[in-house]
Amino acid sequence: MKLRWSRRGVLRAGAAAGVGLLGSRSAAALGAPAVHTRRAQGQRPLVISSANGLEACNRAMEMLEAGEDTLDSVIAGVNIVELDPEDTSVGYGGLPNEAGVVQLDSSVMHGPTRNGGAVACIEGIKTPSKVARLVMERTDHVLLVGRGAQEFARMHGDEIETLLTDGARLRWLEWKENLSDRDDWFPPSSGVGDFPEDDDFTSFYREHGTINCNAVAANGDISGVTTTSGLAWKIPGRVGDSPILGAGLYLDNDVGACGSTGRGEANLLDCCSFLAVEFMRQGKHPQDACLEVMRRVEHKTVDPRLLREDGTPNFSVNFYALNKKGEFGGANFRPSRFAVNDGSGSRHVDSAYLYER
Ligand code: ASP
């Protein structure tokens, strides 16, 4: 364990020194991409999201440019992904829990009204982000969970639908069938599932994913949303970071916004989105705020289950942040990217990172 710590220390010091000593091109290779700033001519809206949000950013930008509210815009953006049966990490088509049931989490925050809402473990509703918004607007509460959240959505006109697509069901079955060779389940070779031959079972053993989308409007108003089906095959009732304000999403209309995807448990232990916004409040650029948060997560990660041989965390967690000025950035432990739209179409940009590999 000692060795791990010292190795991590060396790695960390090495990366920091590199960034300090080298010019911006070299620094980018060491995990600090050129600092992102919104176009100089000023008050154009800006949208950022996790990498799966190119279309979401386009949709949100169209609405922002038409003068629509920031929260309306980002929710309309993520609705595209929630309704997409091919995206197995969000909304309809999301991978289910251990029992084969799709349970969704979502949160929203609206800067101008300094308010937020969330739902967790909600079943049968394709667009939980809309229900999170209703919690914010139509109740004195912030978070509704499970049956209560579903009933609340039904009262507001939502249809209860089956969210488990055939594709997601087959992948769940394969996971279940491979859990143990000492149970009564037969493996997929029994002909139950029709899987691509090169599909690697281990590659989706703990698959997860989410969309986070944040926007700042021309007038400086900020909103954000995070929505997910969470960790695949999770224990029924498990709630990740996405619906927890301060973890999966946080913003302050005076400062900026931060959201997250990846291992929710790591984020929950430090309320990282809240922390990033507080770092921005202290004057840090959004990218530096995200990197600082990564260091906090790294510091908290001592369980050997979560460490590689070299002592670095073996999981992924992303942060995406923007501030009121239109500066933005992201970070992960290792190279990754996120989506941005500053009015000239959505594109991917590199996140900052702590380790090359
Ligand atoms: N953060 C999500 C959760 O832990 C999953 C993810 O983004 O991959 O539920």
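Numbering of residues starts from 1 in each chain and follows the order in which that chain's sequence is written. The predicted nature of this model means local features are confined to residues of pLDDT at least 70 and side-chain atom pairs, given and counted, to a pLDDT of 80 or more, with totals for whole chains, interfaces and linings taken over all residues. Based on all heavy atoms of the structure, the side-chain values leave hydrogens and waters out of the count.

Engineer: What should I look at first to understand the sheet that holds strand 5 (residues 143–145) in this one?
Structural biologist: Where strands meet in a sheet, backbone hydrogen bonds hold them as pairs that are either parallel or antiparallel. The mixed open sheet is built from eight strands, whose spatial order is 5-4-3-7-6-2-12-13. The sheet is open, and its two edges are formed by strand 5 and strand 13 (346–350), each paired on a single side. Neighbouring strand axes in the sheet, compared pairwise and without regard to direction, differ in orientation by 15° on average. Paired strands, as defined in this entry, are two strands with at least two bridges between them according to DSSP. To qualify as a helix, a DSSP run of H or I must reach at least 4 residues; to qualify as a strand, a run of E must reach at least 2; elements of each kind are numbered from the N terminus. Pairing geometry for strand 2 (residues 46–50) and strand 6 (residues 210–216), over four bridges, is antiparallel. Bridge assignment links Ile 48 to a residue of strand 6, and that residue is Asn 214. On top of the sheet, helix 4 (residues 70–82) reaches strand 3 (104–110), strand 6 and strand 7 (222–228); it is set at about 20° to strand 7, its chief contact. Contact criterion: two residues are considered in contact whenever any of their non-hydrogen atoms come within 4.5 Å of each other. The convention used is that axes are lines fitted to C-alpha atoms, helices contributing only their stretch in contact, and that angles between N-to-C directions extend from 0 to 180 degrees. Of the strands in this sheet, strand 3, strand 4 (115–122), strand 5 and strand 7 are in contact with helix 5 (residues 128–138), which crosses strand 4 at around 130°.

Engineer: I tried to follow the pairing of strand 12 (residues 337–341) on my own but got confused; where do I start?
Structural biologist: Here the term buried applies to any residue with accessible area under 20% of the maximum for its type, exposed to any over 50%, and partly exposed to those in between, with areas from a 1.4 Å probe on protein chains only. For strand 12, the tally of buried residues reaches four of five residues, placing the bulk of the element in the interior. Note: strand 2 against strand 12, four bridges, orientation antiparallel. By the bridge assignment, Ser 49 is partnered in strand 12 with Ala 339. Judged from the five bridges that link them, strand 12 and strand 13 form a sheet pairing that is antiparallel. Counterpart to Arg 337 in the pairing with strand 13 is Asp 350.

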